[in-house]
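# Structural overview for review
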Amino acid sequence: MAHHHHFRTIAQNDLGYVGICSSCGILNVAFQNSLFCLTLDQFKAFAEIMHDRLDMRPFCTTHGKELLLTTPMPNYFLLFTEDELDLFCELLTEVAPVLEAERILALGSMN
Ligand SMILES: [Zn+2]
């Protein structure tokens with residue numbers, strides 16, 4: 001089942017990029033030093049979490065990283081500033097129409 005992913009960049013900014021594998025459709029969402037590997041459906045849910053700040057807790061320190069997102073690892077968390085999260089959401093918004101096109105193409109190739 002193992003295959004080598006061939007990622008094509010579909011959006012990028014100063015802090016990250018989104019790539020899609022041309023064989024399996026897996027998305028690589030890279031932002032700063034985090035990498036999220038998501039299916040199309042997972043991406044939709046993920047983008048919603050980020051846009052709506054779902055599951056994020058305020059984390060008040062003097063360092064400005066005020067939004068805390070839990071991860072499946074109990075002792076590992078992601079911290080964002082409001083500005084970082086805005087840039088991240090811009091990136092996610094930019095790829096939405098590309099992914100919609102991918103979905104339509106994928107549906108077409110099944111017929
Ligand atoms: Zn792949």
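Here, the structure is the one placed above.
Residues numbered from 1 in each chain as written. Predicted model: local features only at pLDDT ≥ 70, side-chain atom pairs only at ≥ 80, totals over all residues. Heavy atoms only, no water.

## Here we look at the coordination of the zinc ion
His3 (NE2), His5 (ND1), Cys21 (SG) and Cys24 (SG) make up the full set of protein donors to the zinc ion, lying at 2.0 to 2.3 Å. One can describe the site at the zinc ion as tetrahedral: its four donor atoms subtend angles covering 103 to 118° at the metal. Donor residues for the zinc ion, ordered by position in the chain, follow H-x1-H-x15-C-x2-C. According to the relative accessible area criterion, Cys21 is buried, its value standing at 2%. (Donors = N, O, S within 2.8 Å, 3.2 Å for Na, K, Ca; no water. Tetrahedral: all angles 85-135°; square planar, octahedral: opposite > 155°, others 65-115°. Buried < 20%, exposed > 50% of the residue type's maximum accessible area, 1.4 Å probe, protein only.)

## So, the packing of aromatic side chains
One pass over the full model with this rule turns up six aromatic pairs. Here the aromatic cluster, defined as three or more aromatic residues joined through ring pairs, consists of Phe31, Phe36, Phe46, Phe80 and Phe88. (Phe/Tyr/Trp six-rings, centres within 6.5 Å; stacked < 30°, edge-to-face > 60°.)

## A few points about helix 1 (residues 40-51)
Taking 1.5 Å per residue as the helical rise, helix 1 with its twelve residues ought to reach 16 Å, and the 16 Å between its terminal C-alpha atoms agrees with that figure. Turning to helix 1, its buried residues are Leu40, Phe43, Phe46, Ala47 and Met50. Axial view of helix 1: buried residues confined to an arc of 110°, hence all on one face. Positive backbone phi, at 55°, marks Arg53, one or two positions downstream of helix 1. (Helix = DSSP H or I, 4+ residues; strand = E, 2+ residues; numbered from the N terminus. Expected span 1.5 Å × (residues − 1). Arc of directions from axis to C-beta.)

## What to know about the sheet that holds strand 3 (residues 27-31)
Taking strand neighbours across the sheet as the criterion, the four strands line up as 1-2-3-4 in an open arrangement whose pairing is antiparallel. The outermost strands of the open sheet, each flanked by one partner alone, are strand 1 (7-13) and strand 4 (34-38). Strand-to-strand twist across the sheet, computed as the mean angle between neighbouring axes with direction ignored, equals 15°. The pairing of strand 3 with strand 4 spans five bridges and is antiparallel. Note on strand 4: the bridge partner recorded for Asn28 is Cys37. The strands touched by helix 1 within the sheet are strand 3 and strand 4, with strand 4 carrying the most contacts at an inclination of about 130°. (Pairing = 2+ DSSP bridges. Axes fitted to C-alpha atoms, helices over the stretch in contact; angles between N-to-C directions. Contact = heavy atoms within 4.5 Å.)

## Observations regarding the pairing of strand 3
Strand residues, when the strand is regular, have side chains that alternate between the two faces of the sheet. The element strand 3 is largely enclosed, with a buried count of five among its five residues. Residues of strand 3 alternate between two faces, with Leu27, Val29 and Phe31 on one and Asn28 and Ala30 on the opposite face, all of them buried. The pairing of strand 2 (residues 16-21) with strand 3 spans five bridges and is antiparallel. Bridging from a neighbouring strand, Val18 pairs with Val29 of strand 3. In this structure, the hairpin formed by strand 2 and strand 3 is closed by a connection of five residues, where Gly25 is found at a positive phi of approximately 80°.

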